[in-house]
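Results of the structural survey
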Amino acid sequence: QVQLVESGGGLVQAGGSLRLSCVASGSIFSIYVMGWYRQAPGKQRELVASVVPSAHITNYADSVKGRFTISRDSAKNTVYLQMNSLKPEDTAVYYCNVGAVVNYWGKGTLVTVSS
């Protein structure tokens with residue numbers, strides 16, 4: 001059974017930083033892409049950052065370029081999202097996603113950025 005568990009969310013002031021972690025348990029084969037999505041109140045879920053491990057390619061939403069960094073630790077089965085210079089507009093529930101033969105999702109972690 002595959003599980004993705006996010007952590008690291010919380011309340012932070014504008015300009016602050018947070019690091020989100022997503023720990024995967026269980027066996028996931030043929031991973032095509034790993035990423036972080038977010039969903040703000042009243043809005044659609046959107047891609048924040050992704051990485052294609054086989055091609056060493058990262059992708060970021062324009063709104064977070066230069067501020068967020070996605071990274072992986074294969075030994076710990078963990079993907080991270082380092083978020084710097086946070087803005088109130090970044091407030092959302094952040095979800096970990098792994099695209100493989102089956103698409104896996106975490107339950108989300110709430111990030112609240114106060115102004």
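Up top is the structure these notes are about.
Attention here is on the structure that accompanies the text. All of these numbers come straight from a predicted model, not from anything done at the bench.

What follows concerns the overall build of the protein chain. A tally of regular secondary structure across the protein chain gives zero helices and 11 strands. Reading the helices (α) and strands (β) of the protein chain from amino to carboxyl end gives β-β-β-β-β-β-β-β-β-β-β. In terms of C-alpha radius of gyration, the protein chain reaches 13 Å, essentially the compact-globule figure of 13 Å for 115 residues. Counting only C-alpha atoms, the protein chain reaches 40 × 25 × 25 Å along its principal axes. A separation threshold of at least 6 residues defines the contact pool for the protein chain, and within that pool the share at least 24 residues apart is 53%. Surface summary for the protein chain: the accessible area is close to 6400 Å², and the carbon and sulfur share equals 50%.

Let us now look at the state of the cysteines. Within this structure, the stated rule accounts for one disulfide. Across a sulfur-sulfur distance of 2.1 Å, Cys22 and Cys96 are joined as a disulfide pair. A torsion of -80 degrees about the S-S bond marks the disulfide between Cys22 and Cys96 as left-handed. With a gap of 74 residues between them, Cys22 in strand S3 (residues 18-25) and Cys96 in strand S9 (residues 92-99) connect regions that are remote in the sequence. Overall, the relative accessible area of 2% leaves Cys22 in the buried class.

Now for the layout of surface pockets. Roughly 260 Å³ of volume is contained in the largest pocket. Considering the residues around the largest pocket, the lining is formed by 13 residues, among which Ile31, Met34, Ser74, Asn77 and Thr78 are closest to the centre. When contributions to the lining of the largest pocket are tallied by element, the ones reaching two or more residues are S3 and strand S7 (68-73). Class assignment of the residues belonging to the lining of the largest pocket gives a composition of six nonpolar, five polar and two charged.

Looking now at the nonpolar core. Grouped together as the largest cluster of nonpolar side chains are 29 residues, with contacts concentrated most on Trp36, Val48, Phe68, Ile70, Leu81, Met83 and Tyr94. Of all the secondary-structure elements, those providing two or more residues to this core are S3, strand S4 (33-39), strand S5 (46-52), S7, strand S8 (78-83), S9 and strand S11 (109-114).

Conventions and cut-offs
- Residues numbered from 1 in each chain as written.
- Predicted model: local features only at pLDDT ≥ 70, side-chain atom pairs only at ≥ 80, totals over all residues.
- Heavy atoms only, no water.
- Helix = DSSP H or I, 4+ residues; strand = E, 2+ residues; numbered from the N terminus.
- Rg over C-alpha atoms; globule rule 2.2 N^0.38 Å.
- Contact = heavy atoms within 4.5 Å.
- Areas by Shrake-Rupley, 256 points an atom, 1.4 Å probe, with all protein chains shown as cover.
- Disulfide = S-S within 2.5 Å.
- Buried < 20%, exposed > 50% of the residue type's maximum accessible area, 1.4 Å probe, protein only.
- 1 Å grid on protein atoms, 1.4 Å probe; cavity = no way out; pocket = protein on both sides within 12 Å on 5 of 7 lines; lining within 4 Å.
- Points joined across faces, edges and corners; volume = space filled by probe spheres on them.
- Nonpolar A, V, L, I, M, F, W, Y, C, P; charged D, E, K, R; others polar.
- Core = buried A, V, L, I, M, F, W, Y, C linked by side-chain atoms within 4.5 Å.

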